[in-house]
Structure formats: C-alpha cells, structure tokens
Amino acid sequence: KQEVTQIPAALSVPEGENLVLNCSFTDSAIYNLQWFRQDPGKGLTSLLLIQSSQREQTSGRLNASLDKSSGRSTLYIAASQPGDSATYLCAVVRGETSGSRLTFGEGTQLTVNP
Amino acid sequence: GAGVSQSPRYKVAKRGQDVALRCDPISGHVSLFWYQQALGQGPEFLTYFQNEAQLDKSGLPSDRFFAERPEGSVSTLKIQRTQQEDSAVYLCASSLEGGRTETQYFGPGTRLLVL
C-alpha cells in the first residue's frame, strides 16, 4: 500500500526566508506527484505537477523536485511572504492499477510571519 | 462553470440521520472524484466516476456510503445512518478526461458534523 509522509507537520518562518517542505512515498511506482495548497475552509489549489519522468517543475517562487528512485520530493519556496501561509499537501498518482486517484500526505502547515 | 462547486458548505446532522452532499463539476469535465478529509489529515479517496459510470468505489468506508452521477455531470454522495466518525470535510474534484497526467480541480468541500 502506498504511504505518503510529509515533514515537518508544521513550520513557522519569518517573512523573506527560503524554505523547503519534504514529501516521501513508499512505492516508487508512481505516475506523477502533485503539490497542492489548502487555505482554511477552502478546497485544494494545484501548485505544481511533476510527471514521473521529470526531475523538477518551477512556477514563480516555487520549485518542486522529484527523486522517484529514493521516493522523495521537495517543494522549495523562495522569499516567503505572509500570503504563503497555508497547508501544503503532496499527493501521488500510482501506477497502472490504480487509475488516477490521488494518495495524499498529511500536509505541512506553514506560517510566514510578517 | 468557473470552478467546482459543492453544497451545502456546512451540514450538521444528528447521529442516525441520512445526508446528501452535492457536487457540480466544471462543465465538460468527464471525471469526478470524491475524497474525505478528517481534521488534521490529508484527503483520502472515496470513489471515482467517468461520465455516469462509477469505475472505482474501493475507498467507500462502509455500505452506508453511496455515490451516484446519473447524467454524467452533477454527483451526489449520500451517507445513511450517519455516525460520529463520519464527521469530516468531503471534497469533490473533477478533471477533463481523468487521465493520470491531468490536474484535478477541487471544490471548497462540505464540512459535515455528526452530533
């Protein structure tokens, strides 16, 4: 069974810092990995999607990397801002037998202090 | 529509009541997913539709949970004889064709509290 783990569970940083969120998964037979953002009381917003054949994706201040063989992904946020405060979730789509359902980690709750 | 919508946004039910949660996916999206998110946890898969066909219901926790999408657009998740452990946020997501390379677009969720 695929398990997805995110470390740390919570993180508090001052504005302007660069930071890294970690995600690990037990079964390397993934199809892709996605990072989502969840604001309180709201749904999930997709940030980045990395296909299994890719090593990284970038969008603005966000950069996500994927090391499929070691079962790890990182989300790098540059020059953090208070508006980045949210819960960040990583999720994987497994291989052939599981369709396109997402398996999520428990999330990292990020607070960026002004 | 502009995005995935869900209703109601909040639902309080007494234990034993039946509830129905509605999801309106993005217009034209073929695939629709339901997830359950307990407090402090990541979402967990419940079920998946491609058009009106329910292709995967392996995540439904018990036979009290039932989902349908009769015309291939709007979907309803029904929970019979609600229990306290059913309290969670129920998220709906849709994607254009359901392929593994596609992004799933999520609604705001329905927060269910069973007393």
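Look up a bit, the structure's there.
One structure accompanies this document, and this report is about it.

### Regarding the pattern of salt bridges
(1) Moving on: Under the defined criterion, the tally for this structure stands at six salt bridges over all chains.
(2) Moving on: Note that D56(B) is salt-bridged to R101(A), the shortest N-O span being 3.4 Å. With D56(B) in strand 6 (residues 53–56) and R101(A) in the loop between strand 9 (86–94) and strand 10 (102–104), the pair connects residues from two separate chains.
(3) Moving on: Owing to a relative accessible area of 18%, D56(B) belongs among the buried residues under this scheme.
(4) Moving on: A relative accessible area of 24% means that R101(A) is categorised as partly exposed.
(5) Moving on: Where R22(B) meets D24(B), a salt bridge forms, and the shortest distance between an N and an O atom there is 2.7 Å.

### Digging into the sheet that holds strand 7 (residues 65–68) of chain B
Residues and elements named next belong to chain B.
(1) Moving on: Strand order in this open sheet of four strands is 1-3-8-7, and the pairing throughout is antiparallel. Looking at which strands have only one partner, the edges of the open sheet turn out to be strand 1 (5–7) and strand 7. Pairs of neighbouring strands in the sheet enclose a mean axial angle of 15 degrees, with direction left out of account.
(2) Moving on: Pairing of strand 7 with strand 8 (residues 75–79), which is carried by four bridges, proceeds in the antiparallel orientation. Following the sheet pairing, F65 is matched in strand 8 by I79.

### Description of the state of the cysteines
All names here are of chain B.
(1) Moving on: One pass over the full model with this rule turns up two disulfides over all chains.
(2) Moving on: Through a disulfide, C23 is tied to C92; the S-S separation comes to 1.8 Å. In this structure the cystine formed by C23 and C92 twists about its S-S bond by roughly -65 degrees; its chirality is therefore left-handed. Placement of the pair is C23 in strand 3 (residues 19–24) and C92 in strand 9 (residues 88–95), with a sequence separation of 69 residues. Residue C23 shares its accessibility class with C92, and that shared class is buried.

What counts and what doesn't
Residues numbered from 1 in each chain as written. Chains lettered and ligands numbered in written order. Predicted model: local features only at pLDDT ≥ 70, side-chain atom pairs only at ≥ 80, totals over all residues. Heavy atoms only, no water. Salt bridge = Lys/Arg side-chain N within 4 Å of Asp/Glu carboxyl O. Helix = DSSP H or I, 4+ residues; strand = E, 2+ residues; numbered from the N terminus. Buried < 20%, exposed > 50% of the residue type's maximum accessible area, 1.4 Å probe, protein only. Pairing = 2+ DSSP bridges. Axes fitted to C-alpha atoms, helices over the stretch in contact; angles between N-to-C directions. Disulfide = S-S within 2.5 Å.

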